[in-house]
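Architecture at a glance
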Amino acid sequence: MKWNENLQRLLLLLIAIILGCSILLPLGSLFEKAFMNEQGQWIGVSNLLNYMKSPALLESLGHTMYVSIISTVISVGLAFIYAYGIVRTPMRGKTFFRYAAMLPLFAPSMFFGLALTFMFGNQGFITTGFFGHLPFGIDIHLYGSVGIIISEVVYTFPQTFLILVVALSMSDYRLYEAAEMLGANPMRKFWTVTLPGTKYGLISAFFVCFTLAFTDFGAPKIVGGQYNVLATDMYKYVIGQQNMTMGATVGLVLIVPACLAFIVDRYLDRKQKNAVSAKSVPYRLESRVWRDRFYTIYCAVISGAILVLLLTVIFGAFAKLWPYNLSLTLDHFDFTKVAGGTGLEPFWNSIKVAILTAVIGTFVTYITAYAVEKINHWKFVRQISYFLAILPLALPGLVLGLAYIFFFNDRANPLHGMYGTIWILVLVNIVHFFSVSFITATTALKKLDSEFEKASDSMGVPFYRTLFRVTIPITLPAMMEMGIYFFINSMVTISAVVFLYAPDLKLASVMIVNMDDAGDIAPASAMSILLVATSVLVRILYEWATSAMRKRAAKWQSRTNDKQDLGAMKLQ
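Summary of the structure given here. Within each chain, residues carry numbers counting from 1 in the order of the written sequence. Where totals are concerned, whole chains, interfaces and linings use all residues; where local detail is concerned, this predicted model gives features only for residues with pLDDT of at least 70, and gives and counts side-chain atom pairs only at 80 or more. Calculation of side-chain values draws on the structure's entire complement of heavy atoms; hydrogens and water are dropped beforehand.

Runs of H or I in DSSP of at least four residues are treated as helices and runs of E of at least two as strands, each being numbered from the N terminus. The residue Asp410 is located in the loop between helix H17 (397–408) and helix H18 (422–432) in this model. By relative accessible area, Asp410 is classed as partly exposed at 39%. Spatially, the C-alpha atom of Asp410 lies 9.8 Å from that of Ser29, the residues being 381 residues apart in sequence. Within 3.5 Å is the distance limit for a polar contact, defined as a pair of N or O atoms, with the added protein rule that one can donate a hydrogen and the other accept it, and that residues adjacent in sequence qualify only through two side-chain atoms. A polar atom in the side chain of Asp410 sits 3.1 Å from the backbone nitrogen of Ala412. Think of it in three bands: with a 1.4 Å probe and only protein chains considered, a residue is buried below 20% of the maximum accessible area for its type, exposed above 50%, and partly exposed in between.

Structure (structure tokens):
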């Protein structure tokens, strides 16, 4: 059918235009601004040269590299041992340890800075020796590199853990059997089999962790003190000094390691596909008393530390006047008393933005993945769309937010009307988290046999009917995962929206930063608790409400129905 093919081409063209307008053109505006002066005149690389000559800015670059490398080494090391204990030992409590490791995903990065302030700040209960009840206190000089490193380690731990769990799960037990037959002891097997088998996962975890720490804004803002890093420099240039050109220049510097990590991650992803063959044998778990006890204690200590951070912020949110009056109160949840406070309006705004992002983002991402994966026309347009779809993976949120200012604040732009509205916040969130959802959708669609489309086409069935009646019902679990991913990340993100919110449309994450700046630590903690509680509650409700639906959607892969049908046929 000619009209069916034309409709598919039109869909591809529309997707390419949308991706170009929401990703490529804003980035072009950012690059253009970095090579212009404040009067809008072209000055080449002068901004970059000025940046490289400034001792203060070079110091920020050195600080950023230092905290990112140290945070990455510590986070990857801790997460590797944690993941090894869960994947490679039969210890008890694995489910609890897995969920505990995931808890930081539900909190904004400022959350851990607030927790550390209550523990190790000038009035922290560990610094003061439990408010003078102990004869000594422990002062770690929190504000500066120490505080940023600890916060970044907690912030990056879940992502690193997830990557390493997958890497450790992909193993061939035949290699361990061969090593054992050759007389290798456990340590030699670890160095000659385990580490080489997980090297791609380790490198990928290292780059992902480094990029997250390098581009993070929340933790340095809360516990950085006078220790400047690139993300806070960019914020000061744009918000404090209104120096947009230097902000764009710092943005270019922030993109470099993210792009490098993106290229390495894509390369390793292709390599890992061949790590396990169809003949591979799953890893066999064997009990060893002292080893299992060691990993149980280790995982208990790590998960306990995460829970202590969470409980500390909860207590800080309810304490009447830290550290002088620790009686419990709900006063800090009254956000009308804080500077610029508008009650719970920012919280409801965050929920509204998160819901819109989840619904629209899931639909747009899925249709994009379908067009790229299942439509067989215009290969070049599909390749361009694929590249644009995964490009946001290399873009820090701050850079994306600044690029949107330059692009959407231009009055000559037909899309200028979106600037200052809720829709630009929804759009920047969708683009910021687009790539991971897109990869999820394409992975699910690749599992479907292309015979569905071929059979529909030969029978004259329009592609959209096959999409809504066959493809979407089968891949519904993946779509729901995309929706929950969009929702939770939109609730806690700060970097992408901090430049774009309107004065009458503040978000909860932005309010946390504003309240911390004003010294309202307890209300900032209370708002953080609301964000974490909402994200966890939505995740639990999602798991409960969709379990039956996901089982039903997965039945087509089960042979149970086939057996039942065969049984019924025999009875007949």
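From this point on, the discussion continues.
Quick look at the nonpolar core now. Remark: nonpolar core denotes a set of buried residues (Ala, Val, Leu, Ile, Met, Phe, Trp, Tyr, Cys) joined through side-chain atoms within 4.5 Å. Of all hydrophobic cores here, the largest spans 139 residues; its most connected members are Leu30, Leu402 and Phe499. Examining the composition of this core, we find that eleven residues originate from one element, helix H15 (residues 345–374), more than from any other. We call two residues in contact when some of their heavy atoms are within 4.5 Å. Discounting chain neighbours no more than four positions away, the residues touching Leu402 are Leu30, Met234, Val238, Met244, Gly247, Ala248 and Phe499. In terms of nonpolar packing, the next biggest core, distinct from the first, is built from 23 residues, Ala79, Phe157, Leu164 and Tyr298 among them.

Further remarks concern the state of the cysteines. Two cysteine sulfur atoms make up a disulfide if the distance between them is within 2.5 Å. Throughout the structure, instances matching the rule amount to zero disulfides. Here Cys299 is not cross-linked by a disulfide; its sulfur's nearest cysteine counterpart is in Cys209, at 18 Å.

In this model, Trp322 is joined to Pro323 through a cis peptide bond whose omega is -5°. For Phe131, which is not a glycine, the phi torsion comes out positive at approximately 60°. For Phe131, the position within the fold is in helix H6 (residues 129–132). Look at His141: it is not a glycine, yet its phi comes out positive at around 50°. Position of His141 among the secondary structure elements: in the loop between H6 and helix H7 (145–169). By relative accessible area, which is 60% here, His141 ends up exposed.

So, on to helix H21 (residues 463–474). What a helix should span is 1.5 Å times the count of its residues minus one. Helix length check: H21, at twelve residues, gives a terminal C-alpha distance of 15 Å against a target of 16 Å (1.5 Å per residue), a fit within 8%. Listed as buried for H21 are Phe463, Thr466, Leu467, Thr471, Ile472 and Ile474. The arc that holds the buried residues of H21, viewed along the axis, is 145°, so those residues lie on one side. Seen from the buried face of H21, the exposed residues on the opposite side, beyond 90 degrees, are Phe468 and Arg469. As used here, the arc belongs to the directions running from the helix axis to the C-beta atoms.

In this section: the pattern of salt bridges. The term salt bridge refers to a pairing of a side-chain nitrogen on Lys or Arg with a carboxyl oxygen on Asp or Glu at a separation within 4 Å. This model, assessed by the stated rule, comprises six salt bridges. Between Arg288 and Glu286 there is a salt bridge, with the nearest N and O atoms lying 3.9 Å from each other. Take Arg288: its relative accessible area is 36%, and that puts it in the partly exposed class. Ionic pairing is found between Glu481 and Arg539, a salt bridge with its closest N-O pair at 3.3 Å. With a gap of 58 residues between them, Glu481 in helix H22 (residues 476–492) and Arg539 in helix H24 (residues 521–553) connect regions that are remote in the sequence. The exposure class assigned to Glu481 is partly exposed, which follows from its relative accessible area of 30%. Its relative accessible area of 21% is what places Arg539 among the partly exposed residues. Three or more residues are tied together by salt bridges with common partners; here these are Glu481, Arg539 and Glu543.

The next point concerns the side chain of Ser303. Along the polypeptide, Ser303 turns up in helix H14 (residues 289–318). The class of Ser303 is buried, set by a relative accessible area of 1%. The contacts of Ser303, once residues within four sequence positions are left out, are Tyr82, Phe96, Phe97 and Ala100.

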